[in-house]
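Take a look at the letters that make up each chain.
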Amino acid sequence: MESFLVAVNAVVPFLCYITFGYVMKIKGVVKEDFLQQLNKMVFKVFYPFMTFYNIYKADASSLPRPVMLIFCGVSILVLEVILVLTVPRLVKENPRRGVIIQAIYRSNFVLFGLPLTVSVFGDVASSVAAMVVTVVITIYNTTSVVILEMFNSEGKTDVKTILVNVVKNPLLQGAMVGLVFFFLGIHVPKSLLTPIADATSPVALFVLGGTLHFNAIRGNLKYLVPALSLKLLVLPAVMLALGYAFGLRDLELFLLVAIYGTPVAAASYPMAQNMGGDGELAGQFVVISTVVAVGTLFGWIFFMKSVGLI
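About the cut-offs
- Residues numbered from 1 in each chain as written.
- Predicted model: local features only at pLDDT ≥ 70, side-chain atom pairs only at ≥ 80, totals over all residues.
- Heavy atoms only, no water.
- Helix = DSSP H or I, 4+ residues; strand = E, 2+ residues; numbered from the N terminus.
- Rg over C-alpha atoms; globule rule 2.2 N^0.38 Å.
- Contact = heavy atoms within 4.5 Å.
- Areas by Shrake-Rupley, 256 points an atom, 1.4 Å probe, with all protein chains shown as cover.
- Lys, Arg positive; Asp, Glu negative; His and termini not counted.
- Charge placed at Lys NZ, Arg CZ, Asp CG, Glu CD.
- Patch = residues over 30% accessible without salt bridge, like charges linked within 9 Å, V, L, I, M, F, W, Y side chains within 5 Å.
- Salt bridge = Lys/Arg side-chain N within 4 Å of Asp/Glu carboxyl O.
- Buried < 20%, exposed > 50% of the residue type's maximum accessible area, 1.4 Å probe, protein only.
- Core = buried A, V, L, I, M, F, W, Y, C linked by side-chain atoms within 4.5 Å.
- Axes fitted to C-alpha atoms, helices over the stretch in contact; angles between N-to-C directions.
- Left-handed = near helix turned anticlockwise from the far one by under 90°.
- Nonpolar A, V, L, I, M, F, W, Y, C, P; charged D, E, K, R; others polar.
- Phe/Tyr/Trp six-rings, centres within 6.5 Å; stacked < 30°, edge-to-face > 60°.
- Expected span 1.5 Å × (residues − 1).
- Bend = angle between axes of the 7 residues up to and from the residue.
- Polar contact = N/O pair within 3.5 Å; in protein donor to acceptor, adjacent residues only side chain to side chain.

Engineer: Mind showing me how you'd approach the overall build of the protein here?
Structural biologist: Counting its secondary structure elements, the protein contains 13 helices and zero strands. In the protein, the succession of α and β elements from N to C terminus is α-α-α-α-α-α-α-α-α-α-α-α-α. Radius of gyration (C-alpha) of the protein: 19 Å, near the 19 Å computed for a compact globule of 310 residues. For the protein, the spread of C-alpha atoms along the three principal axes comes to 50 × 45 × 40 Å. A sequence separation of at least 24 residues applies to 85% of the contacts in the protein between residues at least 6 apart. Carbon together with sulfur atoms contributes 69% to the accessible area of the protein, which is approximately 13,800 Å² in total. Counting 21 positive and 15 negative side-chain charges, the protein places the centres of these two groups 6 Å from one another.

Have a look at this one:
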């Protein structure tokens, strides 16, 4: 029950921000064209800053076992390759391909995985989880830029064009600056870092709620149901089995669920919206996965405790 409440408490703020944005648009307090401009600011300012902050604040002294970091990094990259090769064979529309691929592999690890991990294992696990976050988020942000550029609305697949757009992408630039500050040990006052980083998710979810069109969900069920079933049920099971086979135990196994079984990352919506992807479908993935994950995460935690994996 405690783990279920943690999952609920992780989800409720998300739903509140989304609902607030939707109600404000319905009431006419904000217009959708304003929200689209705000969405561009989230993509170009807020998320790059949060990406920088997540890397900058990492604790190098709290490294997990190398096998854990290697398994996480390699498994995400292999999954992405498999999806890039298979999804285009199943989905005809180019803008939806990148969005579906990103929805399956990219999770809201920071805002869901960390609270759940601390709830189950205590504060002692937070430093290990935070270092895993750094590795995972760096891979997410880098590869998602490449994938969305590969499958944008203009259908550009020219390697040079993709590489140029990747280098110019604000999220990747934020990650690179974060790495420089991290390795050089450059200190920035916390009072300058936390305001924008803390505001990123609330603003992004408010925009998501205000630009969401519920009448379009029915038409996208053929994408939403199989993709989210794969993400929230199949992938965590596969990764648990593989992780156990590679010698991962207890906290390490739970972190795999936190990586693969949490909702679709909120950042996937503004990225899709600003990079030629199907932003509406991306927003639906975020909202529906956030609600459904309350039940699926509880199920995974209950299962792992029942069989003695944690």
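Next comes the rest of the write-up.
Engineer: Sorry, what's going on with a nonpolar patch on the surface here?
Structural biologist: A cluster of nonpolar side chains, contributed by L233, V234, V238, L242 and F246, occupies part of the molecular surface with about 430 Å² of accessible area. The residue L233 is located in helix α10 (residues 217-245) in this model.

Engineer: Can you walk me through the side chain of S144 in this structure?
Structural biologist: With respect to the helices and strands, S144 occurs in helix α6 (residues 126-150). When its relative accessible area of 1% is taken as the criterion, S144 is described as buried.

Engineer: Would you mind going over the environment of A204 with me for this structure?
Structural biologist: With respect to the helices, strands and loops of the structure, A204 is situated in helix α9 (residues 190-211). Accessibility expressed as a relative area gives 3% for A204, which makes it buried. Taking the C-alpha atoms as reference points, A204 and F46, separated by 158 residues in sequence, lie 8.6 Å from one another. Leave out the neighbours within four places in its chain, and A204 touches V42 and Y47.

Engineer: Can you help me understand the nonpolar core in this one?
Structural biologist: Buried together is how nonpolar side chains tend to be arranged in soluble globular proteins. One finds I100, V132, I259 and F285 to be the most contacted residues of the largest nonpolar core, which totals 83 residues. Counting six residues, the second largest nonpolar core, distinct from the first, contains Y53, Y56, V188 and L193.

Engineer: Could you clarify how one ought to interpret unusual backbone geometry in this entry?
Structural biologist: Most of the time, phi is negative for any residue but glycine, and the peptide bond is trans. Non-glycine residue D250 carries a positive phi angle of around 50 degrees. Here D250 shows up in the loop between α10 and α11 (251-260). Overall, the relative accessible area of 42% leaves D250 in the partly exposed class.

Engineer: Honestly, the environment of V99 in this entry has me stumped. Any pointers?
Structural biologist: Residue placement: V99 occurs in helix α4 (residues 94-105). Measuring from C-alpha to C-alpha, the distance between V99 and S144 comes to 9.3 Å, with 45 residues separating the pair along the chain.

Engineer: Teacher, can you tell me more about the packing of helix α2 (residues 32-56) against α9 here?
Structural biologist: To characterise two packed helices, one gives the angle between the axes of the helices and the distance between these axes. Put simply, α2 and α9 touch, their axes get as near as 8 Å, and they point 145 degrees apart. For the crossing formed where α2 meets α9, the hand is left-handed. Here the residues of the contact of α2 with α9 sort into 19 nonpolar, seven polar and one charged.

Engineer: I would appreciate a short explanation of the packing of aromatic side chains in the present structure.
Structural biologist: Geometrically, a pair of aromatic rings is defined through the distance of the ring centres and the angle of the planes. One pass over the structure, following the stated rule, counts eleven aromatic pairs. Aromatic rings pair up to connect F49, F52, Y56 and F181 into one cluster.

Engineer: So what exactly am I meant to see when it comes to α2 here?
Structural biologist: Counting along an α-helix, one turn takes 3.6 residues, and residues three or four places apart therefore face a common direction. Between its first and last C-alpha atoms α2 spans 34 Å; for 25 residues at 1.5 Å apiece the expected length is 36 Å, and the two agree. Taken as a whole, α2 carries its principal kink of about 40 degrees at V42.

Engineer: Would you mind showing me how to read the pattern of salt bridges here?
Structural biologist: Oppositely charged side chains can form a pair if their charged atoms are brought close together. According to the stated counting rule, one finds four salt bridges in the structure shown. Between D278 and R96 there is a salt bridge, with its nearest N and O atoms 3.1 Å apart. Pair noted here: D278 is in the loop between α12 (268-274) and α13 (279-306) and R96 is in helix α4, with a separation of 182 residues, a long-range link. Ionic contacts of the salt-bridge type, sharing partners, join the residues E93, R96 and D278 into one network.

Engineer: Hey, could you run me through α13 in this one?
Structural biologist: Taking 1.5 Å of rise per residue, 28 residues should cover 40 Å, and α13 covers 39 Å from first to last C-alpha, within 8% of that figure. If you look at α13, its biggest bend is around 40 degrees, right at A293. If you check the start of α13, you find a side-chain oxygen 3.3 Å away from the backbone N of E280, and it comes from D278. Immediately downstream of α13, the backbone of G308 shows phi near 80 degrees, a positive value.

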